[in-house]
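Examination of the molecular architecture
Listed below, chain by chain, are the residues.
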Amino acid sequence: MSSLRIIRNVAYRRHLKPSPLASRAYATPATYKQHEKDPQLGDYPELPWVSNQELPPRGWWDQQMRRNFGDPIQEYDEVLSMWGPDTPPVAPQSALFQLSLAISAFVGFGFLCKYALVPDRPTVPREYPFSGLVRELGGLEENKAREETEEIDE
(Lines give C-alpha, C1' and ligand atoms only; values in the text may rest on other atoms or scores of the structure.)
Protein backbone atom coordinates (compact mmCIF):
# COMPACT_ATOMS: atom_id res chain seq x y z
CA MET A 1 0.00 0.00 0.00
CA SER A 2 1.56 3.28 -1.02
CA SER A 3 1.99 6.07 1.49
CA LEU A 4 -0.25 8.39 -0.53
CA ARG A 5 -3.10 5.88 -0.19
CA ILE A 6 -2.46 5.66 3.59
CA ILE A 7 -2.57 9.45 3.84
CA ARG A 8 -5.83 9.57 1.90
CA ASN A 9 -7.38 6.85 4.09
CA VAL A 10 -6.34 8.63 7.29
CA ALA A 11 -7.60 11.95 5.94
CA TYR A 12 -10.94 10.43 5.00
CA ARG A 13 -11.39 8.76 8.38
CA ARG A 14 -10.52 11.89 10.35
CA HIS A 15 -11.71 14.84 8.32
CA LEU A 16 -13.98 13.88 5.47
CA LYS A 17 -16.70 11.98 7.30
CA PRO A 18 -20.16 13.15 6.31
CA SER A 19 -21.57 15.32 9.04
CA PRO A 20 -25.01 14.67 10.52
CA LEU A 21 -26.03 18.16 9.39
CA ALA A 22 -25.45 17.21 5.75
CA SER A 23 -28.68 15.20 5.70
CA ARG A 24 -30.75 18.19 6.82
CA ALA A 25 -33.43 19.20 4.33
CA TYR A 26 -33.41 22.84 3.25
CA ALA A 27 -36.06 24.75 1.34
CA THR A 28 -33.48 25.69 -1.28
CA PRO A 29 -30.59 23.44 -2.24
CA ALA A 30 -27.24 24.47 -0.86
CA THR A 31 -24.68 25.49 -3.42
CA TYR A 32 -21.08 24.63 -2.77
CA LYS A 33 -18.25 26.57 -4.32
CA GLN A 34 -15.64 24.28 -5.79
CA HIS A 35 -12.12 24.75 -4.49
CA GLU A 36 -10.04 26.43 -7.15
CA LYS A 37 -6.63 24.96 -7.76
CA ASP A 38 -3.70 27.27 -7.17
CA PRO A 39 -2.30 28.20 -10.61
CA GLN A 40 1.26 28.33 -9.23
CA LEU A 41 1.19 24.59 -8.44
CA GLY A 42 0.66 23.56 -12.05
CA ASP A 43 0.29 19.76 -12.27
CA TYR A 44 1.56 19.14 -8.70
CA PRO A 45 -0.90 16.86 -6.85
CA GLU A 46 -3.26 18.34 -4.28
CA LEU A 47 -2.56 16.42 -1.10
CA PRO A 48 -5.02 16.26 1.81
CA TRP A 49 -4.52 18.55 4.82
CA VAL A 50 -3.28 15.92 7.30
CA SER A 51 -0.50 16.47 9.80
CA ASN A 52 2.27 13.90 9.78
CA GLN A 53 1.72 13.55 13.54
CA GLU A 54 -1.63 11.88 12.85
CA LEU A 55 -0.14 9.20 10.56
CA PRO A 56 0.79 5.75 11.89
CA PRO A 57 4.30 5.71 13.41
CA ARG A 58 5.61 2.55 11.69
CA GLY A 59 6.00 1.46 8.08
CA TRP A 60 7.80 4.48 6.62
CA TRP A 61 11.13 4.84 4.86
CA ASP A 62 11.84 7.93 6.99
CA GLN A 63 10.26 7.10 10.34
CA GLN A 64 11.07 10.45 11.92
CA MET A 65 9.25 12.48 9.26
CA ARG A 66 6.74 9.68 8.48
CA ARG A 67 7.10 9.57 4.71
CA ASN A 68 8.51 7.25 2.05
CA PHE A 69 11.22 7.95 -0.47
CA GLY A 70 9.82 9.78 -3.49
CA ASP A 71 6.52 10.83 -1.87
CA PRO A 72 5.29 14.25 -2.89
CA ILE A 73 5.64 16.88 -0.17
CA GLN A 74 2.62 18.79 1.04
CA GLU A 75 2.39 22.40 -0.10
CA TYR A 76 2.30 23.52 3.54
CA ASP A 77 4.94 21.07 4.76
CA GLU A 78 6.23 23.51 7.40
CA VAL A 79 2.88 23.38 9.19
CA LEU A 80 2.02 19.72 8.58
CA SER A 81 5.43 18.14 9.23
CA MET A 82 6.45 16.46 12.46
CA TRP A 83 8.13 19.71 13.55
CA GLY A 84 5.02 21.80 12.97
CA PRO A 85 2.54 22.82 15.66
CA ASP A 86 1.05 19.94 17.61
CA THR A 87 -2.44 18.88 16.75
CA PRO A 88 -4.65 19.43 19.80
CA PRO A 89 -5.90 16.18 21.35
CA VAL A 90 -8.94 17.98 22.82
CA ALA A 91 -11.53 19.84 20.78
CA PRO A 92 -11.55 23.63 21.38
CA GLN A 93 -15.13 23.59 22.69
CA SER A 94 -14.28 20.86 25.19
CA ALA A 95 -11.09 22.67 26.25
CA LEU A 96 -13.02 25.90 26.83
CA PHE A 97 -15.63 24.02 28.87
CA GLN A 98 -12.94 22.35 30.99
CA LEU A 99 -11.14 25.66 31.54
CA SER A 100 -14.34 27.44 32.60
CA LEU A 101 -15.17 24.51 34.90
CA ALA A 102 -11.75 24.73 36.57
CA ILE A 103 -11.98 28.52 36.96
CA SER A 104 -15.48 28.34 38.46
CA ALA A 105 -14.33 25.59 40.87
CA PHE A 106 -11.39 27.78 41.95
CA VAL A 107 -13.59 30.85 42.46
CA GLY A 108 -16.21 28.75 44.27
CA PHE A 109 -13.54 27.38 46.63
CA GLY A 110 -12.39 30.95 47.31
CA PHE A 111 -15.93 32.05 48.18
CA LEU A 112 -16.35 28.97 50.37
CA CYS A 113 -13.17 29.82 52.30
CA LYS A 114 -14.08 33.50 52.63
CA TYR A 115 -17.71 33.23 53.67
CA ALA A 116 -18.46 29.73 54.95
CA LEU A 117 -15.27 28.63 56.69
CA VAL A 118 -14.45 31.86 58.57
CA PRO A 119 -15.29 31.26 62.25
CA ASP A 120 -17.37 33.70 64.27
CA ARG A 121 -15.64 36.01 66.69
CA PRO A 122 -14.98 34.14 69.92
CA THR A 123 -15.76 37.20 72.06
CA VAL A 124 -18.27 40.02 72.08
CA PRO A 125 -16.83 43.44 71.24
CA ARG A 126 -16.40 45.64 74.31
CA GLU A 127 -19.12 48.21 74.90
CA TYR A 128 -18.45 51.40 76.83
CA PRO A 129 -21.12 53.47 78.53
CA PHE A 130 -21.89 57.09 77.64
CA SER A 131 -21.41 56.82 73.88
CA GLY A 132 -18.10 55.04 74.09
CA LEU A 133 -16.53 57.11 76.91
CA VAL A 134 -16.74 60.37 75.02
CA ARG A 135 -17.30 62.38 78.23
CA GLU A 136 -14.58 60.53 80.19
CA LEU A 137 -11.98 61.08 77.48
CA GLY A 138 -12.66 64.80 77.25
CA GLY A 139 -15.18 65.01 74.42
CA LEU A 140 -14.98 64.81 70.67
CA GLU A 141 -13.01 68.01 70.23
CA GLU A 142 -10.21 66.85 72.51
CA ASN A 143 -9.79 63.50 70.76
CA LYS A 144 -9.44 64.73 67.17
CA ALA A 145 -6.20 64.02 65.40
CA ARG A 146 -3.77 66.90 65.20
CA GLU A 147 -3.54 68.64 61.87
CA GLU A 148 -0.22 68.48 60.14
CA THR A 149 1.54 71.78 59.96
CA GLU A 150 4.78 72.53 58.24
CA GLU A 151 7.09 74.07 60.78
CA ILE A 152 10.55 74.74 59.57
CA ASP A 153 13.22 74.74 62.22
CA GLU A 154 15.70 77.49 61.55
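Residues numbered from 1 in each chain as written. Predicted model: local features only at pLDDT ≥ 70, side-chain atom pairs only at ≥ 80, totals over all residues. Heavy atoms only, no water.

**Here's the deal with the overall build of the protein**
Secondary structure summary: the protein contains four helices and zero strands in total. Helices (α) and strands (β) of the protein occur, in sequence order from the N terminus, as α-α-α-α. Long-range pairs, those at least 24 residues apart, make up 56% of the contacts in the protein between residues at least 6 apart in sequence. (Helix = DSSP H or I, 4+ residues; strand = E, 2+ residues; numbered from the N terminus. Contact = heavy atoms within 4.5 Å.)

**Digging into the packing of aromatic side chains**
A full pass over the atoms with the stated rule returns three aromatic pairs. Relative to Phe69, the ring of Trp61 lies with its centre 5.2 Å away and its plane at 65°, an arrangement referred to as edge-to-face. You'll find Trp61 and Phe69 in the same group, each marked exposed. The side chain of Lys114 reaches across the aromatic face of Tyr115, ending 5.6 Å from its centre. (Phe/Tyr/Trp six-rings, centres within 6.5 Å; stacked < 30°, edge-to-face > 60°. Buried < 20%, exposed > 50% of the residue type's maximum accessible area, 1.4 Å probe, protein only. Lys NZ or Arg CZ within 6 Å of the ring centre and 35° of its normal.)

**Looking at the confidence of the model for the protein**
Confidence in the prediction of the protein, expressed as mean pLDDT, is 79, and 73% of residues score 70 or more. Model confidence for the protein, summarised as mean pLDDT per element, is weakest for helix H1 (residues 3–15) at 60 and strongest for helix H3 (residues 92–116) at 95. (pLDDT = per-residue confidence, 0-100.)

**Regarding unusual backbone geometry**
One non-glycine residue, Arg66, lies in positive phi territory at about 55°. Mapped onto the secondary structure, Arg66 falls in the loop between H1 and helix H2 (77–80).

**Quick look at the side chain of Ser51**
Along the chain, the position of Ser51 falls in the loop between H1 and H2. In contact with Ser51, other than residues within four places in its own chain, are Leu80, Ser81 and Thr87.

**Observations concerning a nonpolar patch on the surface**
Side chains of Leu96, Leu99, Ile103, Phe106, Val107, Phe111 and Tyr115 sit close together on the surface and give an oily, nonpolar patch of about 820 Å² of accessible area. In this fold, Leu96 is placed in helix H3. (Patch = residues over 30% accessible without salt bridge, like charges linked within 9 Å, V, L, I, M, F, W, Y side chains within 5 Å. Areas by Shrake-Rupley, 256 points an atom, 1.4 Å probe, with all protein chains shown as cover. Salt bridge = Lys/Arg side-chain N within 4 Å of Asp/Glu carboxyl O.)

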